[in-house]
Amino acid sequence: MEEQYILAIDQGTTSCRVLLVDQQGTIQRVAQQEFKQIFPKPGWVEHDPEEIWTTQMNMLELVLEESQLEPRQIAAIGITNQRETTVVWDKHTGKPIYNAIVWQDIRTADICEDMKANNLDDHVRSETGLVIDAYFSGTKIKWILDHVEGAREKAERGELLFGTIDSWLIWNMTAGKNHLTDHTNASRTMLYNIRKMVWDDTLLEYFGIPSSMLPAVQPSSSLFGEMQIGDSRISICGVAGDQQAALFGQACLVPGMAKNTYGTGCFMLLHTGDKLSHSKNGLLTTMACSSNEKPQYALEGSIFIAGAAIQWLRDGLQIIKSAADSDEMSVSVKDAHDVYMVPAFAGLGAPYWDMYARGAIFGLTRDTSREHIVKATLESLAYQTRDVLKAMEQDSGLELKNLKVDGGAVANNYLMQFQADILGVSVERPEVIETTAMGAAYLAGIQIGMWTPEDVSAHRRIDKVFNPKMERSLRESLYTGWQKAVKRSSGWIDQIN
């Protein structure tokens, strides 16, 4: 009998990837390609949805070509995706009516202020688990309908569809037959009632979004349709937003288990089971992956800029040639933590939720070098993680003893050691850091019976544990300096045009 494989599609904020996973849960092949980031105005971030679709399919074809597999050997496809990013397209032509508005985009801050003025804060928090912020999809849909000529009229006629990137991919992969999403992605739109498990009529009415635009919602591990590849029809059996997929891939399957993913942003999730817990400390309540209609929940701390700050050092300031340079450069700066970098390029997420904060560097002196700035940028990821962990412990009443980490930046040993030092807890790095894509693969594999949930834990291997070495007094002193820097970067601008 031929070996069977899972294809994991990992559609991220800066690149499209496809991973080939065998029946033992081992990654056999990876193809990845970056795509264009579009910045029309300060604070605006867009992607070309058609470029994402083309790039993603090119990577799928490349994996099949390089592995020399027949399509019939692909047992199922899993999808994980950047969340909140918003696409609106014409259901008849299949063409987007505007670029995808990315989760980092903050053009809709004025809509958020109007929502607050209309006293929608409590409704949004209690029904969607979120806070009012430009981060989420709802305000982005409204902006497109308000600013693209004829869009609202077409929407009212039932001619437009909305989707987060998973829905856009599924619709194209199934040749326009299936307009679907899963619970995890739906819970990031600020339109989905996570208590009643339905689209929220109050918010749809406020935004003026016809329900005909919205995808049907189903469990993360379920059948989303079939894709024709060559002579074979391959089932799409797993879909989850990237952070919930990483939670699943890290085998955080029961209440009290937490992970932190260091990607473009930085996202910490704490599994709370079937208990819907509302945060009092600036965290979000979100839906975790499930294989049936019984909801699963998590508390989440969303940090907008993490790996993107390293990318900025490379592409914006051009003071590093590659992300790997940041490790060696940081180590070269001995015993100096005097410079703080607050990467509020898209405002501040949890626990501050300040759309008007902006990036800043503090503590510069005449002898500050590029190495100091690189080191401060890396350390900002760790400080932001402590902000979130502190809020998470206060909300949950749990004291975390270790933190499971994943994402590209965890390959940086300096960052991981400083993370352990500033938290005062051990940091656990797995051998396979591709836990987001693996989460999507496992969801698909479980649906077709290739694996069980227990296999997710059995396949996980630890690469290294970083234990804290820093004195408590220094840890607290450094964190106090960070809090001072955040305070001074907060509310930097008065409004967003």
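Residues numbered from 1 in each chain as written. Predicted model: local features only at pLDDT ≥ 70, side-chain atom pairs only at ≥ 80, totals over all residues. Heavy atoms only, no water.

Draft legend 1. Main features of the nonpolar core. In this structure, Leu191, Ile209, Met213 and Tyr262 are the most contacted members of the largest nonpolar core, which totals 108 residues. By residue number, the principal contributor to this core is helix 12 (residues 370–396), which donates ten residues. Those residues in contact with Leu191 that sit more than four places away from it in its chain are Thr128, Gly138, Ile141, Val198, Trp199, Asp200, Leu203, Leu204, Phe207, Ile209 and Leu214. Judged by nonpolar contacts, the second largest core, of 35 residues, contains Tyr5, Phe35, Ile165 and Leu180. (Core = buried A, V, L, I, M, F, W, Y, C linked by side-chain atoms within 4.5 Å. Buried < 20%, exposed > 50% of the residue type's maximum accessible area, 1.4 Å probe, protein only. Helix = DSSP H or I, 4+ residues; strand = E, 2+ residues; numbered from the N terminus. Contact = heavy atoms within 4.5 Å.)

Draft legend 2. The sheet that holds strand 3 (residues 27–34), seen in detail. Pairing in this open sheet of six strands is mixed, and the strands run 3-2-1-5-14-13 from one edge to the other. The open sheet is flanked by strand 3 and strand 13 (221–229), the only strands paired with a single partner. Strand-to-strand twist across the sheet, computed as the mean angle between neighbouring axes with direction ignored, equals 25 degrees. Set on the sheet, helix 6 (residues 165–173) makes contact with strand 1 (5–11), strand 5 (74–81), strand 13 and strand 14 (232–241); between it and strand 5 the angle comes to about 145 degrees. Set on the sheet, helix 9 (residues 242–249) makes contact with strand 5 and strand 14; between it and strand 14 the angle comes to about 95 degrees. (Pairing = 2+ DSSP bridges. Axes fitted to C-alpha atoms, helices over the stretch in contact; angles between N-to-C directions.)

Draft legend 3. Layout of the sheet that holds strand 18 (residues 297–303). If you walk across this open sheet you meet the seven strands as 17-18-16-15-21-22-23, and the pairing is mixed. At either end of the open sheet lies a strand with only one pairing partner, and these are strand 17 (284–287) and strand 23 (462–466). Averaged over neighbouring strand pairs, the angle between their axes works out to 30 degrees when direction is ignored. As paired elements, strand 15 (residues 258–262) and strand 21 (residues 402–406) share three bridges and run parallel to each other. Looking across to strand 21, one finds that Lys259 is bridged to Lys404. Running over the sheet, helix 13 (residues 413–423) touches strand 15, strand 21, strand 22 (426–430) and strand 23 and is turned about 150 degrees from strand 22.

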